[in-house]
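Residue-level structure breakdown
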Amino acid sequence: MDIKSIEKIVSLSKRRGFIFQSSEIYGGLASTWDYGPLGVEMKNNIKNLWWKDIVTSRRNVVGMDAAILMHPEVWEASGHVEEFHDIMVDNKLTKKRYRLDHLLEIQPPKAIYDLAKALGFKPKVGESQANIVIPKIIREIIENEKDFNLNGFGIIDYANLKNKGEADWTIPTQFNLMLKTHYGPSEDSSSVIYLRPETAQGIFVNFNNVVTTARQKLPFGIAQLGKAFRNEITTGNFLFRTREFEQMELEYFIYPEDAKEQLEYWSQERLNWYKKLGVREDKLRLRPHDKDELAHYCTACYDIEYEFPFGWSELEGIADRGTYDLDQHNKHAKKKQTYFDQVNNQHIVPTVIEASAGVDRTFLTCLVDAYCEEEVNGEQRILLKLLPKVAPITCAVFPLVNKNGLPEISEKIFTEIQTEFSVFFDQGGSIGRRYRRQDEAGTPFGITIDHQTLEDNTVTLRDRDTMKQDRIPADKVLDELKKRLQNV
RNA sequence: GCGGGUGUAGUUCAAUGGUAGAACACCAGCUUCCCAAGCUGGGUACGAGGGUUCGAUUCCCUUCACCCGCUCCA
């Protein structure tokens, strides 16, 4: 697939009603997208398949649905307030941008020392530069020196060594990655709260509620599906990185000693789920994180990645979060979130393995992966080879012609299939045109009612990928569809 | 946020300092047909704002959005 293919996907998405640009008639809002009639069907299919795989089909996983709005202290406790903003500076000469902490970590000690002095404190002997001095410098800039100028301290741009690292630094600016809003009608500062940057915390703060009501014993999981918001610095690649997105998260609570084994288990489980969605195996991989890639809460992590036209990119992270989150809430909140282990007769904080997936990314993966162009009788045929369980429409019903009672018979069959599957009725245009339309929508099956139906009450069932047709009795259509859908 | 590119119909494109055209798609009708057939008719666009000009889709500025690269990223 060439690099233009993401544009083809965007174009098809709009043409067929999968995805529209948000607020399009007002010029659009950056990197926000709306799901159209086909899009929402497919998205729901994906979410339902996840829910079924994670929750419904397991005895020891339960679901929940927390509010998007949460108490501000949740994000203090989780570390998001602390960790989820970055101070950035640009080198005006080279137009390169850096995270200030990353930049300072590689500077000569003298520069750091001078910087600290200028900000009004003196580093003590033996104090770790990376862990104590630099964070202190950054805190000082955020809290007290909003317009601090970095020039004159000998801070070198190592990416600009050709020019002796020369730099003219901008005033450091803070990027807060959480979206704020005002809770309540008055806009005083006491009512500022955040839209959740992840769904996971909704699970952690309800840990005890779920344990007591669902009567689960370790190991067990709590799963949640819902919107999350992040003020990403860079968005783009269509649905891939957006500021509003939907997550599918599982928090699986275990005894600490099982962490390694469970991380492996869930990595495989989750990788297999994408395969079961029909995503090509050679486009999927499981990639362990390097140490320096790990998030603040995380001791080990795998990414499930897909090879998009724009490169290998993350669909899901499976992480060993240790006891970090529950510990943090136990420090901050009045009510303790612990588990009483009947076996050893003690309260413990369980370790958690998290599998955090993006709905929109999975959706995009399915579209990209299913997109096909082929030639039929010298004409291009575009089709989405979506698995039936993923496809927005399972089956389309066509009367071959609009007379001789064929539409009436078709309606009857349509109504019958409708009880079980998502069906589309189309009597407009030539039969070939109607087939092609459904090919682009990814509809796996087409039922055509023709003249022979009048004689022997059979219809044709067309397969999207092979375009082959089988003749089946009209009253067996539903059974036949069920049969074909059984193993896919 | 920086650099580059792009923005005209649903889509893909064209033309033009004098008010926009095609193909395909879409809708209605005819045809009654098994893989985007044909015929007739129809609706739909210069991303937004400002400036220059008698007149701007075209030139200039601003802005918005998309794509690519950088930067960043749980």
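Refer to the structure printed above.
First, a word on scope: everything that follows refers to the structure included in this document. (Residues numbered from 1 in each chain as written. Chains lettered and ligands numbered in written order. Predicted model: local features only at pLDDT ≥ 70, side-chain atom pairs only at ≥ 80, totals over all residues. Heavy atoms only, no water.)

The next subject is the nonpolar core. Core analysis: the biggest nonpolar cluster contains 56 residues, and M42, F363 and L364 have the highest contact counts within it. Counting 22 residues, the second-largest nonpolar core is a separate cluster that includes I112, I138, I141 and L150. (Core = buried A, V, L, I, M, F, W, Y, C linked by side-chain atoms within 4.5 Å. Buried < 20%, exposed > 50% of the residue type's maximum accessible area, 1.4 Å probe, protein only.)

Turning our eyes to something else, we now look at the packing of helix α1 (residues 5–16) against helix α12 (residues 359–370). A packed helix pair is summarised by two numbers, namely the angle formed by the two axes and the spacing between the axes. Running from N to C, α1 and α12 point in directions that differ by 105°, and their axes come no closer than 10 Å. Considering their axes alone, α1 and α12 lie roughly perpendicular with respect to each other. Of the residues in α12, those in contact with I6, I9 and S13 of α1 are L364, L367 and V368. Tallied by class, the residues present in the contact of α1 with α12 amount to 5 nonpolar, 1 polar and no charged. (Axes fitted to C-alpha atoms, helices over the stretch in contact; angles between N-to-C directions. Helix = DSSP H or I, 4+ residues; strand = E, 2+ residues; numbered from the N terminus. Parallel < 35°, antiparallel > 145°, perpendicular 65-115°, else oblique. Contact = heavy atoms within 4.5 Å. Nonpolar A, V, L, I, M, F, W, Y, C, P; charged D, E, K, R; others polar.)

Time to look at α12. Helix length check: α12 (12 residues) gives 16 Å between terminal C-alpha atoms against 16 Å at 1.5 Å per residue, within 8%. Across the 12 residues that make up α12, a large majority, 12, are buried. Of the residues making up α12, those classed as buried are V359, D360, R361, T362, F363, L364, T365, C366, L367, V368, D369 and A370. (Expected span 1.5 Å × (residues − 1).)

All right, on to the sheet that holds strand β23 (residues 469–473) then. What holds strands together in a sheet is hydrogen bonding between their backbones, with the strands either parallel or antiparallel. Pairing is mixed in the open sheet, where 5 strands are placed in the order β20-β19-β21-β22-β23. Either end of the sheet is taken by a strand with one partner, and the two such strands are β20 (423–425) and β23. The mean angle between the axes of side-by-side strands here comes to 25°, regardless of whether they run parallel or antiparallel. When strand β19 (residues 395–399) meets strand β21 (residues 445–449), the two strands line up parallel, connected through 5 bridges. Within the sheet, the bridge partner assigned to V397 lies in β21 and is I447. Contacts between helix α14 (residues 431–441) and the sheet are confined to β19, β20, β21, β22 (458–463) and β23, with β19 contributing the most and set at about 170° to the helix. (Pairing = 2+ DSSP bridges.)

Below, the discussion takes up the packing of aromatic side chains. In total, this model carries 16 aromatic pairs according to the counting rule given. Note on Y35 and F363: the rings are 4.9 Å apart at their centroids and 85° apart in plane angle, and the pair reads as edge-to-face. Note that Y35 is positioned in strand β2 (residues 33–35) and F363 in helix α12, a separation of 328 residues in sequence. The residues Y35 and F363 share a single accessibility class, namely buried. A network of ring pairs unites the aromatic residues F204, F207, F220 and F253 as a single cluster. Note that K43 overlies the ring of Y35, its terminal NZ or CZ placed 4.2 Å from the centroid. The aromatic ring of F240 is capped on one face by R361, whose charged end is 3.9 Å from the ring centroid. (Phe/Tyr/Trp six-rings, centres within 6.5 Å; stacked < 30°, edge-to-face > 60°. Lys NZ or Arg CZ within 6 Å of the ring centre and 35° of its normal.)

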